[in-house]
Every structure is written in structure tokens, then in C-alpha cells.
Amino acid sequence: MKQNKGIVFFGGSFNPPHIGHLRLAIEAWEAFNAEIDRVIFVPCALHPQKNPSALLPFSLRCEMLEACIRHLPFLGISTIEGERDEPSYTYETLAALRLQRPVTPFYFLLGSDDYEQLPTWYRGLELPRLTNFLVVPRGVYTESDFIAQTHLLWPEAGHTTVDRGRMCIQGGGEAVFFQTPSLSVRATDVRNRWCAGRSIDFLVPSAVRESLSRHEARVREIWDGGV
Ligand code: ATP
């Protein structure tokens, strides 16, 4: 890997991975490949804020992601959060990754729904010490919303000289508004449809649908218990 190129980390539950996640990772790579080498999915092991009993096993979520991205060499997976027993705190994950790569620029990719929730994350407002952000709209969310939100999170944030959608945050990082075609798929809806016996064709890659069928009894036990 070239030393000066960055890495996009894309954290989430991926319970299950769906086309919204996969398309977003591809769009990020295509938009930023002059600055980055790869987009890495970082599935959480234990989500600090979501119902743990509804989460498919870490290994199964990783297996599904792997099957989806096998043919896409610019995408990868980090299993770092599966190597710890505690809840998967993004701050700690990025701090650990930072030790492995002291000089690589990091970009944390997240939807505007999660960006708004940063104050509720463990050391969420300190994340700019460790990473830049790429913020993608989820639902109706404009560049003006992004700018207002960034000022709310970090009142002293300012615009870079490059463009309005790229803001400097005190502590180090930049927050970049990443406007890309949005797919309004969510994993909750995929789970609800699957549990109701409805089709999830074209909402998830076929590898995910096949994997869910292969593990049907186990998946049903988990999702029926706590979708
Ligand atoms: P759930 O419905 O279980 O809450 P989800 O579909 O939101 O799941 P996550 O794994 O929680 O998926 O999402 C990981 C990250 O991907 C979050 O930052 C989220 O905002 C973003 N994301 C998820 N789906 C989309 C989508 N369709 N378009 C853009 N961003 C998305």
C-alpha cells in the first residue's frame, strides 16, 4: 500500500449487509480513490446501543460481507471488533487501528443518522483526534443540514478553503459531506421482511439471501426473538 493514501473505515452492525451498505462502499471508493486505497468494513461484535440478542453471530455477518465483496479488490473487512469481549466502541477500535498505522489518513464513513448521534457514542466528540469523517445523507439531509449539524457538534468547526462541504474540526480531523445517490434500504426492514416470509430479493446481494437460507433455523431463532 502507498503510505500517503488513506483508508475508509465503514463501521456498522451489517445485520445483515444490504445493498445500501454495499453501494455506499463502492461509491465512496469511486469518489475518493485519488486519496484512499481501500474501503474497509468494520462489523461490530457487540453493538453498544442495539439489542444484542437480535444480532446474528459475528462470524456469520463477516461471512456474508466476505461473500459480497469477494470480486471487489478495493473493499475489505476488518475483524478487529470480534477480537474483543467488550462492546465495540468506535473510539477504541480506531485508536487500536491508529497504533497499527500511525501515519495513514483515516476516514470514518457514516450515515447522517449516526453522525447526529455522535454525542451519545463513547468519546464520540473526540473521534476527530483519530479520524476524518465522510458523512452521507440518510433520508432528506442537505449540505446545509450537514454544516448546521457539524457546528452543533463542534461549535468552533470552520470551512476549509476547498469547499463548503469540507469542514475542519478542532482536535484534528475534517468532516466531509459526501453526497451520493441514496438507497433507502435499512437492515431492520430486511429483517422484518425475512421473518415475515416476504421476499428480500434486490434488497440484499444474492449471497446474503442464500446465506440466510442456509442458516435459516439459527437466523429465525435470533431475529424472531428480537427484530
Ligand atoms: P438497522 O436497521 O439494523 O439499524 P442499518 O440498515 O442502519 O441497520 P447499520 O449496519 O446499522 O445498518 O449501518 C451502518 C452504517 O451504514 C451507519 O452509519 C448507517 O447510517 C449507514 N447506512 C446503513 N444503511 C444505509 C443506506 N441505505 N444508505 C446510506 N447509509 C446507510
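Note that residues are indexed from 1 along each chain, following the sequence as it is written. Where totals are concerned, whole chains, interfaces and linings use all residues; where local detail is concerned, this predicted model gives features only for residues with pLDDT of at least 70, and gives and counts side-chain atom pairs only at 80 or more. Neither water nor hydrogens contribute to the side-chain values; these are computed over all heavy atoms in the structure.

Caption draft 1: Structural detail: the site of the ligand. As a matter of local geometry, the ligand sits amid 21 residues, with Lys-50, Asp-113, Leu-183, Ala-187 and Thr-188 nearest to it. Pairs of N or O atoms are called polar contacts if they sit within 3.5 Å, as long as, within protein, a hydrogen donor faces a hydrogen acceptor (for residues adjacent in sequence, only side-chain-to-side-chain pairs). Between the ligand and Thr-188, the relevant distance is 2.4 Å, taken from an oxygen atom to a side-chain nitrogen or oxygen of the residue. Classes in brief: Ala, Val, Leu, Ile, Met, Phe, Trp, Tyr, Cys and Pro nonpolar; Asp, Glu, Lys and Arg charged; the others, Gly included, polar. Across the shell around the ligand, the residue classes break down as seven nonpolar, eight polar and six charged. By convention in this text, a residue qualifies as near a molecule or strand provided that one of its non-hydrogen atoms is within 4 Å of it.

Caption draft 2: Just the nonpolar core, in detail. We call a set of buried Ala, Val, Leu, Ile, Met, Phe, Trp, Tyr and Cys residues a nonpolar core when their side-chain atoms join them within 4.5 Å. Think of it in three bands: residues with accessible area under 20% of the maximum for their type are buried, residues over 50% are exposed, and the middle band is partly exposed, with areas taken using a 1.4 Å probe on protein chains only. Counting 39 residues, the largest nonpolar core has Phe-41, Leu-75 and Leu-212 as the members making the most contacts within it. Whether two residues are in contact is decided by their heavy atoms: any pair within 4.5 Å suffices. If we ignore the near neighbours within four places in the chain, the residues touching Leu-212 are Leu-56, Met-64, Trp-194, Ile-200, Val-219 and Trp-223. Ranked by size, the runner-up nonpolar core spans 28 residues in total, among them Ile-40, Ile-80, Phe-108 and Leu-118.

Caption draft 3: The arrangement of the sheet that holds strand 7 (residues 166-168) in detail. Here, strands pair whenever DSSP counts at least two bridges between them. Helix and strand assignments follow DSSP, with helices taken as H or I runs no shorter than four residues and strands as E runs no shorter than two, numbered in order from the N terminus. Spatially, eight strands are ordered 3-2-1-4-5-8-7-6 in an open sheet, and the strand pairing comes out mixed. The open sheet is flanked by strand 3 (75-77) and strand 6 (158-159), the only strands paired with a single partner. Pairing of strand 5 (residues 132-136) with strand 8 (residues 174-177) involves three bridges; the strand directions are parallel. Within the sheet, the bridge partner assigned to Phe-133 lies in strand 8 and is Ala-175. Each axis is a line fitted through C-alpha atoms, taken for helices only over the stretch in contact, and angles between the N-to-C directions span 0 to 180 degrees. Against the sheet, helix 1 (residues 19-32) engages strand 1 (6-12), strand 2 (36-43), strand 3, strand 4 (106-111), strand 5, strand 7 and strand 8, with an angle of about 160 degrees to strand 2.

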